[in-house]
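Architecture and fold: a report
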Amino acid sequence: MFRRLLVLSVMPRRLKIPASELVKWHHSDITMAQRNDPVIDEIFREVDLDSKARIARHAAEEHTPQGIARKAAERERSRRARTTHNGKAPVHSDPNAKRKPRLLDEDSIEALREFADDEPRLGGYFPDSKVFGLSIFLGAKSTVWRFRQQGRNKGKRSSVFKTLGNWPAMDEDEARKQALIYSGAVAAGTAAPGKRQAMPFRTAFENYLAHLKAQAEAKGKPPRWWANACKLSEAHIMPQWDGWTLAEMSQNPRAVKTWHAKLSKTIPTTADHCARLIRACYREEARLDRTLNPAASPTSGIRLGKIKVSKAVLDFPDFSVWRKAWDKIENAVHKGYHLSALLTGCRPTELAMIRESDIDLDARRMIIRNAKAGNDISLPITGEIAFALAMAINAPPQTITMKGLRGMKSGEVRVIERKKLHHEIAAPDLVFPGVRQAGHRSGLPVSGNALRHTFRSIAVSLEISEMLISFLMGHSLQGVSARYTNELMIANSQALREAQEKISRRIFELLGLTLGHHDAPLVPDTPTRVEASRKKSSAPARIA
């Protein structure tokens, strides 16, 4: 071909063909007669010599570095430019590339599955032409029906995604039915949001913890349940459910039940508390999110056990054992706290929150602020109760013993005063600071709410009326309003004091204690905790 083109370019000039006739020349116009013409033969010989010289020159250049690089570039271009039957380079299909919808039936899905097994690149999403948004995903090991749809909500682009089921367990008819149901829920705005829009469990639980704290502060009570919930969250809840959404947990109650059963093997009561927190968190968030069904709680598959209220009571023969364990307690604040709980019958939390300003020495009364019933309880103070309060208020300042620390000499011991009291509520005038878990660490056979039960049993044994016992323990009378309850307490104030003194004398008799006993002097000689704290605050005089 190249030889003919060269002849056509040279021949008009040699034969002196007019320019008007040049357009008529073509290689097919050269007849055999013209081929035998001496002039034409001469032209062909020149073309042949020129072609041979060109070929020799190219062959010599092939062995040079430039030629080798040119050949490699030509081979790479040739590899990339391989053409198909239509003259275009082939386009490899992307598994996630958008494909045209097709009618998905049993035969077509089986064929697609076989192709995907032979060539993994042929897998991916294949949309259905019958239901918009429905597609089947051909993965390496499974074939899944999925619904995907994009749209705009309030001007913001959003997408919904849901896995409907596996093929062939779910056929195409059932998949289309479930896709239409979910599509209707999306249109109505009742469908569960996608993972990006769904409420994360961590965020919802943090909001619930803030709700618990605000609720306690509104009632004027210390946020003790909030503190317990924070500890349960850090130890058991978040290590398992961080990264989940509330919608996912609601759709997987079996996973929540399995987790609860695992915890119940070692800590059943803690497991029930964790489940109750998750249930309460879900219900609180369902108030604001209409896509969360309150009936579809994540803990619906858990059978929570009833919390067993301790009915332990300190029997009369066991008072001597309790006294021996009480004498071994080194912390005077803790000793006063446990003795006050036994003498007054107060709830442990309410007694721990008593402040020095709640004690009126002139009227010989103490006030329990914001009790369980929501009111203040005024209790008479006997000499025995004053003895227990004085142990805590007049206790020497807490100290820390340091030895073996870096920078200290061998055998050196330093005793310093604790600058910050170890308790959850920073208040300088608490009578019993740092007694939140005193019952668990005291070594007493009976402590906490059991001492309240003991107070009641002693009052019953002394034949004190039920109404006076209810007043002393802060119970509200059934069928009687708070107004009349206060009037009854005022009218029976002298009877209440006599009943309290009777109970206190009986408890001291059982414990073998007497007022002014040398084991617990009312006015110690050493500097007290209250005197140390009064440098920065004005507190009432110590109890004597």
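Residues numbered from 1 in each chain as written. Predicted model: local features only at pLDDT ≥ 70, side-chain atom pairs only at ≥ 80, totals over all residues. Heavy atoms only, no water.

Turning our eyes to something else, we now look at the sheet that holds strand S7 (residues 377-380). Strand order in the open sheet formed by three strands is S5-S6-S7, with antiparallel pairing between adjacent strands. The two strands at the open ends of the sheet, each matched to only one other strand, are strand S5 (359-360) and S7. Strand direction decides the pairing type here: strand S6 (residues 365-368) and S7, joined by four bridges, are antiparallel. In the sheet register, Ile 368 faces S7, and the bridge partner there is Ile 377. (Pairing = 2+ DSSP bridges. Helix = DSSP H or I, 4+ residues; strand = E, 2+ residues; numbered from the N terminus.)

Inspection of every chain in the model, using the stated rule, returns ten salt bridges. Where Glu 350 meets Arg 347, a salt bridge forms, and the shortest distance between an N and an O atom there is 3.2 Å. Each member of the pair, Glu 350 as well as Arg 347, is classed as buried. A salt bridge links Arg 456 to Glu 466; the nearest nitrogen and oxygen atoms lie 2.4 Å apart. Residue Arg 456 is located in helix H17 (residues 449-461), and its partner Glu 466 is located in helix H18 (residues 466-473); the two are separated by ten residues in the primary sequence. On the basis of relative accessible area, Arg 456 is assigned to the partly exposed category, the value being 26%. Judged by relative accessible area, which is 44%, Glu 466 ranks as partly exposed. In this structure, a network of salt bridges that share partners links the residues Asp 128, Asp 173 and Arg 176. (Salt bridge = Lys/Arg side-chain N within 4 Å of Asp/Glu carboxyl O. Buried < 20%, exposed > 50% of the residue type's maximum accessible area, 1.4 Å probe, protein only.)

Unfilled space is identified by rolling a water-sized probe across the atoms. Taken as a whole, this structure holds two cavities of 30 Å³ or more when the rule is applied. Contributing to the lining of the second largest cavity are Cys 346, Glu 350, Ile 368, Ile 377, Leu 379, Leu 472, Met 473 and Gly 474. Breaking the lining of the second largest cavity down by element, the ones donating at least two residues are S7 and H18. Of the residues assigned to the lining of the second largest cavity, the class counts are six nonpolar, one polar and one charged. (1 Å grid on protein atoms, 1.4 Å probe; cavity = no way out; pocket = protein on both sides within 12 Å on 5 of 7 lines; lining within 4 Å. Points joined across faces, edges and corners; volume = space filled by probe spheres on them. Nonpolar A, V, L, I, M, F, W, Y, C, P; charged D, E, K, R; others polar.)

With that out of the way, let us pick up the nonpolar core. Judged by nonpolar contacts, the single largest core of 57 residues is most densely connected at Trp 322, Leu 339, Phe 432 and Ile 503. The greatest single-element share of this core, amounting to eight residues, is contributed by helix H15 (residues 383-393). Residues Phe 201, Tyr 208, Trp 241 and Ala 275 belong to the second largest nonpolar core, which totals 27 residues. (Core = buried A, V, L, I, M, F, W, Y, C linked by side-chain atoms within 4.5 Å.)

On to helix H20 (residues 493-511), then. Taking 1.5 Å of rise per residue, the 19 residues of H20 would be expected to cover 27 Å, and the 27 Å separating its terminal C-alpha atoms lies within 8% of that figure. Three or more residues of H20 are buried, namely Leu 496, Arg 497, Ala 499, Gln 500, Ile 503, Ser 504, Ile 507, Phe 508, Leu 510 and Leu 511. Projection of H20 onto a plane perpendicular to its axis shows the buried side chains occupying an angular sector of 165 degrees, all on one side. Immediately beyond the C-terminal end of H20, within one or two residues, lies Gly 512, with a positive phi of roughly 75 degrees. (Expected span 1.5 Å × (residues − 1). Arc of directions from axis to C-beta.)

Here we come to the pairing of strand S1 (residues 124-127). When S1 meets strand S2 (residues 134-138), the two strands line up antiparallel, connected through four bridges. Of the residues in S2, the one forming a bridge with Phe 126 is Ile 136.

Interpretation in functional terms is not warranted from these geometric data alone.
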